[in-house]
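Coordinates in review
Each chain, written out:
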Amino acid sequence: MSAVRTSRSTRRRPSATTGTLPPEGSRAALDRGHPLPIRQWPVTLVTAVVGAGLLITWAADFRYGLLVVGAGFVLGAGLRLLVPEVGLLAVRSRFTDVAVLLFFGLVILLLALMAPQNPWLRLPALDDLGRWIGGKR
């Protein structure tokens, strides 16, 4: 009788995940003797910079705030690339984390520099592309 499996026993989740590896750098950035925010200093620093940029965007000038937000993402990419143990900043492989953070950071920086009302950076090719997409040739 014990050899017969019921449908209820086969639907149970396994107690341990198999076949996956933790991302590189996923260990705590410092030993367990330090409080959690100190051990997770890379992600805490990036979150603080991005939060400060959002606060600047809300309270003062959107362009300066978005430059700080973009710089926070680029800082995160640099930390992920250079620091061996970054704690919660490591989500995927090192290459993927750096590529995604760097892409988002550079795009935010580029868009902040090109924002209308006296843009600090002009790219004529993108002006032509915008006119072509908008139908104003």
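Residues numbered from 1 in each chain as written. Predicted model: local features only at pLDDT ≥ 70, side-chain atom pairs only at ≥ 80, totals over all residues. Heavy atoms only, no water.

For the structure on display, the rule yields two salt bridges. Aspartate 97 serves as the salt-bridge partner of arginine 80, at 2.8 Å between the closest nitrogen and oxygen. With arginine 80 in helix H4 (residues 62–82) and aspartate 97 in helix H5 (residues 94–113), the pair connects residues that are 17 residues apart, well separated along the chain. A relative accessible area of 0% means that arginine 80 is categorised as buried. Here aspartate 97 falls in the buried class, since its relative accessible area comes to 2%. One salt bridge in this structure joins aspartate 97 and arginine 92, with 2.9 Å as the shortest N-O distance. Overall, arginine 92 belongs to the partly exposed group, its relative accessible area being 40%. Shared partners join several salt bridges into a network, and the residues in it are Arg80, Arg92 and Asp97. (Salt bridge = Lys/Arg side-chain N within 4 Å of Asp/Glu carboxyl O. Helix = DSSP H or I, 4+ residues; strand = E, 2+ residues; numbered from the N terminus. Buried < 20%, exposed > 50% of the residue type's maximum accessible area, 1.4 Å probe, protein only.)

Let us now look at the nonpolar core. In this structure, Val46, Val50, Val69, Ala77, Leu79, Val83, Val86, Leu89, Ala90, Val98 and Leu101 together form the largest nonpolar core, which totals 11 residues. Among the secondary structure elements, those contributing two or more residues to this core are helix H3 (41–59), H4 and H5. Sort the elements by how many residues they give to this core and H4 lands first, with three residues. Here valine 98 is in contact with Ala77, Arg80 and Leu81, once residues within four sequence places are set aside. (Core = buried A, V, L, I, M, F, W, Y, C linked by side-chain atoms within 4.5 Å. Contact = heavy atoms within 4.5 Å.)

Of all residues in the protein, 64% have pLDDT values of 70 or greater, and the mean over the chain is 79. For the protein, helix H1 (residues 7–10) is the element with the lowest average pLDDT, namely 57, and H4 is the one with the highest, namely 95. (pLDDT = per-residue confidence, 0-100.)

This brings us to H5. A rise of 1.5 Å per residue sets the reference length of H5, with its 20 residues, at 28 Å; its end C-alpha atoms lie 28 Å apart and thus fit the reference within 8%. Within the sequence span of H5, burial applies to Asp97, Val98, Leu101, Gly105 and Ala112. For H5, the buried positions fall inside an angular range of 90 degrees around the axis, keeping them on one side. In H5, the exposed positions that point more than 90 degrees away from the buried face belong to Phe95, Phe103 and Leu111. In the core, the buried residues of H5 are packed alongside H4. (Expected span 1.5 Å × (residues − 1). Arc of directions from axis to C-beta.)

Time to look at the packing of H4 against H5. Put simply, H4 and H5 touch, their axes get as near as 8 Å, and they point 160 degrees apart. Compared by their axis directions, H4 and H5 come out roughly antiparallel. As H4 runs across H5, the sense of the crossing is left-handed. Of H5, the residues touching H4 (which contributes Arg63, Leu66, Leu67, Val69, Gly70, Ala71, Phe73, Val74, Gly76, Ala77, Arg80 and Leu81) are Arg94, Asp97, Val98, Leu101, Leu102, Phe104, Gly105, Leu106, Ile108, Leu109, Ala112 and Leu113. Here the contact of H4 with H5 is built from residues that sort into 17 nonpolar, three polar and four charged. (Axes fitted to C-alpha atoms, helices over the stretch in contact; angles between N-to-C directions. Parallel < 35°, antiparallel > 145°, perpendicular 65-115°, else oblique. Left-handed = near helix turned anticlockwise from the far one by under 90°. Nonpolar A, V, L, I, M, F, W, Y, C, P; charged D, E, K, R; others polar.)

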